[in-house]
Amino acid sequence: MAALAPTKPAISGHSQLLPLRTPSISLFFSPVRSRFRSIAVSARLAEISPVEKRSSLPDLEIASKKAKPTVLVSEKLGEAGLELLRQFTNVDCAYNLSPEELCAKISLCDALIVRSGTKVTREVFEAAKGRLKVVGRAGVGIDNVDLQAATEHGCLVVNAPTANTIAAAEHGIALLTAMARNVAQADASMKSGKWQRNKYVGVSLVGKTLAVMGFGKVGSEVARRAKGLGMHVIAHDPYAPADRARAIGVELVSFEEAISTSDFISLHMPLTPTTSKIFNDETFGKMKKGVRIVNVARGGVIDEDALVRALDVGAVAQAALDVFTVEPPPSDSRLVQHENVIVTPHLGASTIEAQEGVAIEIAEAVVGALKGELAATAVNAPMVPAEVLFELSPYVVLAEKLGRLAVQLVAGVSGIKGIKIVYASARDPDDLDTRILRAMIIKGIVEPISSLFVNIVNADYTAKQRGLRISEERVFHDGSPEVPIDSIQVHLTNVESKFASAISDSGDIRVEGKVKDGVPHLTLVGGFSVNVSLEGNLILCRQVDQPGMIGKVGNILAEQNVNINFMSVCRTVVRQQAIMAIGVDEEPEKETLKKIGEVPAIDEFVFLTL
């Protein structure tokens, strides 16, 4: 299940909204048509059979009879992975390369395997001069790889997301138990010649509540093990399905409930702009006094200075940390040196078994890519013809934004299970390739609240892994076949909504959009027609239809120098009810949004980031 990406609650009329990560459409598209030529080879992968691939993809089919491809391994890799690579490639292990040395070597290599220490920048792809065909990241995160540059240069990027799951979960439990019983501090005390039994009295885990923040692969494995220790486990992940949590014996709760009711908190969320420093002074202030925190996810989700302050005053009793904002942290770090903190040097995946597993997983993915195959762990490279990409590019932007908008309207903790996509088109179904559109809707829904990079390569796999049922429907639109699509509707089924007006007659969250003059527009919310450009941010208000409403809201925004770029009002019956959609360039402050919600004639509203 996708990992959590909660954030500080933003204000909406009668509910709270989680602002999401900024989209990166440029990963797929550029206004320059020539860019598509660089990915034309990988684009054809979806059009050919496995038998045809070997002869049809000369740029990807490196392993010829005359010479093996060369793989540069720039950081230590398990021997099992190296052995697998040597069966199919020439392996060059060169560790601790400077950026200049890496750029000098890369033009002689067909593949590159890295861990987290090597930065694969745009300069590296440019220095490869087109020879580099695949970059393999031996691990999950790919922050050190320039994905946009990789795509532009026709280079596939793959990672190894599953092999270290158990190791990370076990390390989380190890830190949990060591922290509860002061193992590290007592060990250091004894080795200094002391015997301080009374000082290091611990706390029991049995019967205590553990909040798992992020119920993905690692988080769910931590939950299983904590249940075995007799703990009561709750979890927060806006994307996790409730039935999967129940199968483990875990209750899904809101972010606020998770942090305020737990005795222990274990972090398993990705680091995104919305989760950066989400655990801060405000968050620590809402926790149960004396809470204990474990982090084996990403260091940046914790404001380290705020954690020190919370530890100093006893708001947080203890912390056990495997990850840090800066790694390695400064030797004089107050957090590292704090007597109530246990630290380890990013050892979550550091078991013999995990290292071998990651090595094998990434080696298999790289070898497969060099043979012209695409693994489910690929994180870039569109697979549709370049001319289709060019024609559908404005609709791709629309598709992702509709997905991002729809997911922000979801309330409750049950998670999304069903997505229905409806395309209105004058074209014959066989003449409309919607794979890229479906992928971008999935990307818009999944990517902002997870650590995944979703594209057409892995979108369907990602949806399947998360238990999402995707259905597509095409309805005939009496128009010109020259226009590929008239409108796209996204339905989220069997979910609650933060904005009740977004619910259609069928009970689904429904949003619809069209491309007008090359710009994506929102045209339908629930049963209300609107007409607003999907640019910047969006405020949706349901209000009593009466004079002066536009002026009231406009004045509130103007007072805070928030610029309105688009506005649309739709009403059901005169003087009864209306929906106002307002596009704004800036993100209003909480107080500004609060003032909008306090306008008497406004029944509900929600702020959405696009």
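Residues numbered from 1 in each chain as written. Predicted model: local features only at pLDDT ≥ 70, side-chain atom pairs only at ≥ 80, totals over all residues. Heavy atoms only, no water.

In the annotation of an unreviewed UniProt entry, the protein chain is listed under the name Phosphoglycerate dehydrogenase protein and assigned to Dioscorea alata.

**Student:** How should the side chain of Thr434 be read in this particular structure?
**Tutor:** Assignment of secondary structure puts Thr434 in the loop between strand 16 (418–425) and helix 18 (435–446). When neighbours within four sequence positions are excluded, Thr434 is seen to be in contact with Tyr423, Glu472 and Arg474. (Helix = DSSP H or I, 4+ residues; strand = E, 2+ residues; numbered from the N terminus. Contact = heavy atoms within 4.5 Å.)

**Student:** Help me understand the sheet that holds strand 14 (residues 341–343), please; the structure alone is not making it clear to me.
**Tutor:** The strands that make up a sheet are held in pairs by hydrogen bonds between backbone atoms, and each pair lies either parallel or antiparallel. Pairing within the open sheet is parallel, and its 7 strands lie in the order 10-9-8-11-12-13-14. Of all the strands in the sheet, just strand 10 (251–252) and strand 14 have a single pairing partner and so form its edges. Judged from the 2 bridges that link them, strand 9 (residues 232–236) and strand 10 form a sheet pairing that is parallel. By the bridge assignment, Ala235 is partnered in strand 10 with Leu252. Packing of helix 14 (residues 304–312) onto the sheet brings it into contact with strand 13 (316–321) and strand 14, and relative to strand 13 it is tilted by some 140°. (Pairing = 2+ DSSP bridges. Axes fitted to C-alpha atoms, helices over the stretch in contact; angles between N-to-C directions.)

**Student:** I tried to follow helix 16 (residues 352–370) on my own but got confused; where do I start?
**Tutor:** Given 3.6 residues per helical turn, the α-helix brings residues three or four places apart onto the same face. The terminal C-alpha atoms of helix 16 lie 27 Å apart, and with 19 residues this matches the ideal 27 Å at 1.5 Å per residue to within 8%. Considered for burial, the residues of helix 16 that qualify are Ala354, Val358, Ala359, Glu361, Ile362, Ala363, Ala365, Val366, Val367, Gly368, Ala369 and Leu370. The inward-facing, buried residues of helix 16 abut strand 3 (70–73), helix 4 (79–88), strand 5 (111–114), strand 6 (134–137), strand 7 (156–159) and helix 8 (165–180). Following helix 16 by one or two positions, Gly372 adopts a phi angle in the positive range, close to 90°. (Expected span 1.5 Å × (residues − 1). Buried < 20%, exposed > 50% of the residue type's maximum accessible area, 1.4 Å probe, protein only.)

**Student:** Would you mind going over the pattern of salt bridges with me for this structure?
**Tutor:** Should their charged atoms come close, side chains of opposite charge can pair. What the rule picks out here adds up to 20 salt bridges. Put simply, Arg334 and Asp312 hold a salt bridge, and the shortest N to O gap is 2.9 Å. Note that Arg334 is positioned in helix 15 (residues 334–337) and Asp312 in helix 14, a separation of 22 residues in sequence. For Arg334, a relative accessible area of 56% translates into the label exposed. Asp312 gets classed as partly exposed once you look at its relative accessible area, which sits at 45%. When the shortest N-O distance is used, the salt bridge between Arg438 and Glu472 registers 2.8 Å. A residue pair is termed long-range when its members are at least 10 positions apart, and Arg438 in helix 18 and Glu472 in strand 17 (residues 469–476) qualify at 34 residues. Exposure remark for Arg438: the relative accessible area of 14% places this residue in the buried category. (Salt bridge = Lys/Arg side-chain N within 4 Å of Asp/Glu carboxyl O.)

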